[in-house]
Amino acid sequence: MNWLVSLFTDTDSVAHIALLYAVVISVGIALGRLKVFGVSLGVTFVLFAGIVAGHFGFTGTPSVITYVQDFGLILFVYCIGLQVGPGFFECLKDTGIKLNLMAVAMILLSVVCCIGLYFLLFWNGGPIVGENARNLAMMVGVMCGATTNTPSLGAATEACSQIFGDGARQ
């Protein structure tokens, strides 16, 4: 019986985090099926359930959350690879080169825009250390969010944690 109590109360355990995620995902999926005026949010409601759970303090230790975050990113990239992989070479043969060049142009344009906005809004003329470096890291996050590029967000988060310490991950 002690294991059941510790499952709900010991925030240091991975089992507690797994249970918390399972409850949040289940509640989010259940509420996402509700229709209001013929419209439902679907699995998007899982995000809102997670925001509400975090607001009320249902969380775990940073090390466990970091592990789950990285594992989720790995699963996301793996699932995208499974979905896109079978038709990759066929698409590359038909229109792939043109689409890849357009993707590279989009990424380069977003990099130029973010660097320009950084120097326009945040740079105070000094070296890129301290507050200037944090503002540059924030602009990298903006770029990753604007292009909805989850792997680049993971890489940027890891780079920021190496530069600024583990406090940058929160």
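Everything below is about the structure shown above.
Now for a look at the structure at hand. (Residues numbered from 1 in each chain as written. Predicted model: local features only at pLDDT ≥ 70, side-chain atom pairs only at ≥ 80, totals over all residues. Heavy atoms only, no water.)

The helix and strand tally for the chain stands at seven helices and zero strands. For 170 residues, the compact-globule formula gives about 15 Å, and the C-alpha radius of gyration of the chain, at 20 Å, lies well above that figure. Principal axes of the C-alpha set define a box for the chain whose edges measure 55 × 50 × 35 Å. Residue burial in the chain is summarised as follows: out of 170 residues, 18% are buried. (Helix = DSSP H or I, 4+ residues; strand = E, 2+ residues; numbered from the N terminus. Rg over C-alpha atoms; globule rule 2.2 N^0.38 Å. Buried < 20%, exposed > 50% of the residue type's maximum accessible area, 1.4 Å probe, protein only.)

The end-to-end C-alpha distance of helix H7 (residues 150-164) is 21 Å, a good match for the 21 Å that 15 residues give at a rise of 1.5 Å each. Buried residues of H7: Ala156, Thr157, Cys160 and Ser161, and no others. Down the axis of H7, the buried set is contained in an arc of 135 degrees. They therefore lie on one face. For H7, the exposed residues lying more than 90 degrees away from the buried face are Gln162 and Ile163. Packing partners of the buried residues in H7 comprise helix H4 (62-84) and helix H6 (131-146). (Expected span 1.5 Å × (residues − 1). Arc of directions from axis to C-beta. Contact = heavy atoms within 4.5 Å.)

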